[in-house]
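Listed below, chain by chain, are the residues.
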Amino acid sequence: MATMTSLIGLINKIQRACTLLGDHGGQGMSLWEILPSVAVVGGQSSGKSSVLESVVGRDFLPRGSGIVTRRPLVLQLHKTESGTEYAEFLHAPKKRFTDFVAVRKEIADETDRITGKTKQISNIPIHLSIYSPNVVNLTLIDLPGLTKVAVEGQSETIVEDIENMVRTYVEKPNCIILAISPANQDIATSDAIKLARDVDPSGERTFGVLTKLDLMDKGTNAVDVLEGRAYRLQQPWVGIVNRSQADINKNVDMILARRKEREYFETSPDYGHLASRMGSEYLAKLLSEHLELVIRQRIPSIIALINKTIDELNAELDRIGRPIATDGGAQLYMILELCRAFDRVFKEHLDGGRPGGDRIFGVFDNQLPAALKKLPFDRYLSLKNVQKVVTEADGYQPHLIAPEQGYRRLIDGAISYFKGPAEASVDAVHYVLKELVRKSIAETQELKRFPSLQTDIATAANESLEKFRDESRKTVLRLVEMESSYLTADFFRKLNAEPEKNLNPSDKKKNAEPAKNPNQSGHTGDRLNESYLRRIGSNVNAYIAMVCDTLRNTIPKAVVYCQVKEARRSLLTNFYAQVGSREKERLSAMLDEDPQLMERRIQIAKRLELYISSRDDIDAVCWK
Ligand SMILES: Nc1nc2c(ncn2[C@@H]2O[C@H](COP(=O)(O)OP(=O)(O)OP(=O)(O)O)[C@@H](O)[C@H]2O)c(=O)[nH]1
């Protein structure tokens, strides 16, 4: 018996937890749906409230005309050894009601709180626990009475709405139906029996209760019904005699009413032989025992559902991420871990494994050579410009042997053209890296839930990339300037040794006439002759081509060294240093999540907690 008692207590506990989580059926296969329960159904004035109060041994249900019960009332009865009776509502857990008049008022008020005063109905249950030495352990759900017509002020659909709500309860295969019918009415027309027959045709989970036996016409009795001949159910019928309206008006108390009911059956000529199986006290015991039995049978399937749900919830938590730690150290650790996860993805992009790094090679292999090829050296080294630069370089005194200053100016001028493609390579690689940062953030699974941290990492990484870009730009410009600062003398020595080598055939023909050493002064009268200028232009051009080859090779080296290697090595180094010195509040802010996701996680965590503790409770009870 001890186990039995704890079984109902266990289900009560799980039911209360379900309501706290907002689980009261209608959402598919929930825990609530699978828990065994006893639902009280009956037509209006069939005596539902009277039966419930009689089972409890207390007046506590709201009375009045029309539809009084407008929300399901989950009534959990807990037998105590001794002491005063009291009631507690789940919606007001701190308050103990010892005055049952106040309980009645609270049920009415709480009904109105959800439904308004509009007499609407709601399927959100009110949970009431009653602790008393005069009850048996039992959970009953009181449902609105089935009606046939809507009264003044109620919506047209109320009749249908009530039936639908009652149906959602009694349809569950784990619901025990307490079908209340008045004896002074033909059983075939009973609303309760009609509904029960619909959802439980074999009658295996329906308990028939016949009220108002004392109000039957003289000379008639309900023995046919009570002995199961009029309407066959697999569970026994129970006859009840509640207080009449007159008794209620006279404030006949429940204990006295129970005694009178017992006397009625014991002394009744019609029902005397059934007396031990009649009355509200017997009904309470019968239901309690049956409920225990059903719970015991259902435990394996409840555990199976709980286990399945725990697995599903865990899988979902894994998907959306586990809850975040609250202490600063753990948060810092988490932030650094997330940064590292990002860094790993970023490196995969650079090193291969993920696409994108190859675009950097593309800059060096296509963009840079193409830009170098487009440099306007043809125009710069045109005869006219060569003449202009050389003449300007000579100043008031024309050069005597070779135009040394002119060469230097021409070469300097040409080299400065390389700055453009050098800087463009730096920028192109910068944009590739920036894009890789963006992609890597989007692809870092672990970061998905932290939009604030994503922004922080993007900002920090881009700041670093800017810095690398500045450094890289300085370096490549320096490479170009270095080419100007010291020319390769060897190149010109070789040129002097092989004077004709760099001339193209057409130049040779034109130059055939003067036949002097073309590197020597080409003054004819007061102007430089054409072949002499052409010669200078072509020499400079050859030198520039050599510089161009060098830079085509060295610019990529500088860019990779300053930007790519640096990004790979220390993209977030500054960020780590900043984060390390941040206050706890700022760390929490960095781990701000999408609020919807957070809400969802809280919901899952609560549900998980309920399911795990329910499983523990069931285990504890079953092993006792
Ligand atoms: N004499 C007698 N009167 C009863 C019996 N059962 C209920 N009544 C009376 O019938 C009336 C309706 O009873 P309730 O218990 O309020 O019936 P209900 O089904 O809860 O009614 P609603 O909540 O209005 O749907 C009350 O006046 C009760 O006193 C009974 O067994 N004998």
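Calculation rules
- Residues numbered from 1 in each chain as written.
- Predicted model: local features only at pLDDT ≥ 70, side-chain atom pairs only at ≥ 80, totals over all residues.
- Heavy atoms only, no water.
- UniProt positions renumbered as here; feature names shortened; annotations may be inferred.
- Near = heavy atom within 4 Å.
- Polar contact = N/O pair within 3.5 Å; in protein donor to acceptor, adjacent residues only side chain to side chain.
- Areas by Shrake-Rupley, 256 points an atom, 1.4 Å probe, with all protein chains shown as cover.
- Helix = DSSP H or I, 4+ residues; strand = E, 2+ residues; numbered from the N terminus.
- Phe/Tyr/Trp six-rings, centres within 6.5 Å; stacked < 30°, edge-to-face > 60°.
- Buried < 20%, exposed > 50% of the residue type's maximum accessible area, 1.4 Å probe, protein only.
- Lys NZ or Arg CZ within 6 Å of the ring centre and 35° of its normal.
- pLDDT = per-residue confidence, 0-100.
- Contact = heavy atoms within 4.5 Å.

- The name an unreviewed UniProt entry assigns to the protein chain is Dynamin-type G domain-containing protein, from the organism Gossypium darwinii.
- Within the UniProt record for the protein chain, the comment given under Catalytic activity (unreviewed entry) is "GTP + H2O = GDP + phosphate + H(+)".

**A closer look at the site of the ligand**
Right, on to step 1. For the ligand, the set of nearby residues contains 18 residues, the closest of which are S49, S50, D214, N242 and Q245.
Right, on to step 2. At 2.5 Å, a side-chain N or O of S50 approaches an oxygen atom of the ligand.
Right, on to step 3. Taken by itself the ligand offers 640 Å² of open surface, and the protein chains cover 88% of this.
Right, on to step 4. When residues of the shell around the ligand are traced back to their parent elements, those giving at least two are α3 (48–56) and α8 (245–249).
Right, on to step 5. A per-element tally of the shell around the ligand places α3 first, with 3 residues.

**Regarding the packing of aromatic side chains**
The geometry of an aromatic ring pair is captured by two quantities: the separation of the ring centres and the angle between the planes.
Right, on to step 1. What the rule picks out here adds up to 12 aromatic pairs.
Right, on to step 2. Both rings, one in F492 and one in Y543, keep their centres 5.3 Å apart while their planes meet at 25°; by these two values the pair is stacked. Separated by 51 residues along the polypeptide, F492 in helix α18 (residues 489–497) and Y543 in helix α20 (residues 530–570) bring together distant segments of the chain. Y543 shares its class with F492; the two are buried.
Right, on to step 3. Here R96 stacks its cationic end above the ring of Y86, 4.0 Å away from the centre of that ring.

**Notes on the confidence of the model for the protein chain**
Right, on to step 1. Mean pLDDT over the protein chain: 85, with 90% of residues reaching 70 or higher.
Right, on to step 2. Element-level pLDDT for the protein chain is lowest in helix α19 (residues 505–511), with a mean of 43, against a maximum mean of 96 in helix α16 (residues 419–443).
Right, on to step 3. In the predicted structure, residues 501–519 sits below a pLDDT of 50 and forms 20 contacts with residues beyond four places in sequence or in another chain.
Right, on to step 4. Confidence estimates for the predicted assembly give a pTM of 0.61 and an ipTM of 0.97.

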